[in-house]
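Given next are the chains, with one letter for each unit.
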Amino acid sequence: VMAVLLGAGCSTTGSGSGDPDARRAALNANADAALSNLFRQVNGAEQLVNSARGVLVFPSVLEAGLVFGGSSGEGVLRKGGKTVSFHRTTSGSWGLQAGAQSTAVFLLFMTDDALARFESSEGWAVGADATVTLATVGANAQLSTETAQQPVVGFVLSNRGLMAGITLSGTRITRMNP
């Protein structure tokens, strides 16, 4: 399962091309589409993204597991709406699990300090290098006001919308040069 997952994670952009420019363009287009989807599904997300110092967008993180599991995906870091670097996310897990899914993962760096720590790291791990507050949506379909006050805010979207009851702890993010 892990070998298949990690192999699939190497081609999540779907470009099928070894051309670095085409790969970067595909990652950027997929990030644009994922952000548009987030803005449609979560009231207040666009304002939160616009106020963030930096936004990591992983448009397609493939997760699979059968007792042991893992996830992998590629994405972009944007500052001021412009892509400044490309990144890979990976994680592993074990326990009662079976199946596979693809999610979009967004990490919003709300403070200059949180963004600087991320950018200066060789490999950044959720839980070890920073705590990520997963965004929750209240009964009125609005983000909680406490969410925007956290240094790093995360969203995880499935095809069915914002996911609850999940964790990003142990997720590792490294810079890549597509």
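Quick look at the overall build of the protein chain
In terms of regular secondary structure, the protein chain is built from four helices and seven strands. For the protein chain, the residues scored as buried account for 41% of the 178 residues in total. Taking all contacts inside the protein chain whose residues are at least 6 apart in sequence as the whole, residues at least 24 apart take part in 68%. Surface exposure of the protein chain reaches about 9,100 Å², of which carbon and sulfur atoms provide 52%.

Points about the nonpolar core
By size, the foremost hydrophobic cluster in this structure holds 22 residues, and its most contacted members are L38, V57, F106, L108 and F155. Taken together, the elements giving at least two residues each to this core come down to α2 (20-41), α3 (45-51), β1 (54-79), β2 (82-109) and β5 (152-158). Among the elements that make up this core, the one with the highest residue count is α2 (five residues). Beyond its immediate sequence surroundings of up to four residues, L38 is in contact with A45, V49, F106, F155 and L157. Core analysis: the second largest hydrophobic core is formed by 16 residues, V105, F109, A114 and V156 among them.

Description of the environment of S121
Along the chain, S121 falls in the loop between α4 (112-120) and β3 (123-125). Using a relative accessible area of 26% as the deciding quantity, one classes S121 as partly exposed. At 2.8 Å, the side chain of S121 forms a polar contact with the backbone oxygen of F118.

Observations regarding α2
The periodicity of an α-helix, 3.6 residues per turn, causes residues three or four places apart in sequence to face the same way. Look at α2: 32 Å from first C-alpha to last across 22 residues, which is about the 32 Å you get at 1.5 Å a residue. Among the residues of α2, R23, A26, L27, A31, A34, L35 and L38 are the ones counted as buried.

What about the environment of L157?
Looking at where L157 falls in the secondary structure, it is placed in strand β5. Relative accessible area serves as the criterion here: at 3%, L157 is assigned to the buried category. Residues L157 and P59, spaced 98 residues apart in sequence, show a C-alpha to C-alpha distance of 9.3 Å.

Observations regarding the environment of N37
Within the secondary structure layout, N37 lies in helix α2. A C-alpha to C-alpha distance of 8.9 Å links N37 and L157, two positions 120 residues apart in sequence.

Regarding the pattern of salt bridges
Under the defined criterion, the tally for this structure stands at seven salt bridges. Notably, a salt bridge pairs E74 with R23, separated by 2.5 Å at the nearest N-O pair. With E74 in strand β1 and R23 in helix α2, this pair connects stretches of sequence that are 51 residues apart. Neither residue differs from the other here; E74 and R23 are each classed as buried.

Observations regarding the confidence of the model for the protein chain
Taken as a whole, the protein chain shows an average pLDDT of 78; of its residues, 66% reach a score of 70 or greater. Here helix α1 (residues 2-9) stands out as the element of the protein chain with the lowest mean pLDDT, 44, in contrast to α2, whose mean of 94 is the highest.

Describing α4
All buried positions along α4 are accounted for by A114, L115 and F118. With its buried residues spanning 95 degrees around the axis, α4 presents them on a single face. In α4, the exposed positions that point more than 90 degrees away from the buried face belong to D112 and S120.

Cut-offs applied
Residues numbered from 1 in each chain as written. Predicted model: local features only at pLDDT ≥ 70, side-chain atom pairs only at ≥ 80, totals over all residues. Heavy atoms only, no water. Helix = DSSP H or I, 4+ residues; strand = E, 2+ residues; numbered from the N terminus. Buried < 20%, exposed > 50% of the residue type's maximum accessible area, 1.4 Å probe, protein only. Contact = heavy atoms within 4.5 Å. Areas by Shrake-Rupley, 256 points an atom, 1.4 Å probe, with all protein chains shown as cover. Core = buried A, V, L, I, M, F, W, Y, C linked by side-chain atoms within 4.5 Å. Polar contact = N/O pair within 3.5 Å; in protein donor to acceptor, adjacent residues only side chain to side chain. Expected span 1.5 Å × (residues − 1). Salt bridge = Lys/Arg side-chain N within 4 Å of Asp/Glu carboxyl O. pLDDT = per-residue confidence, 0-100. Arc of directions from axis to C-beta.

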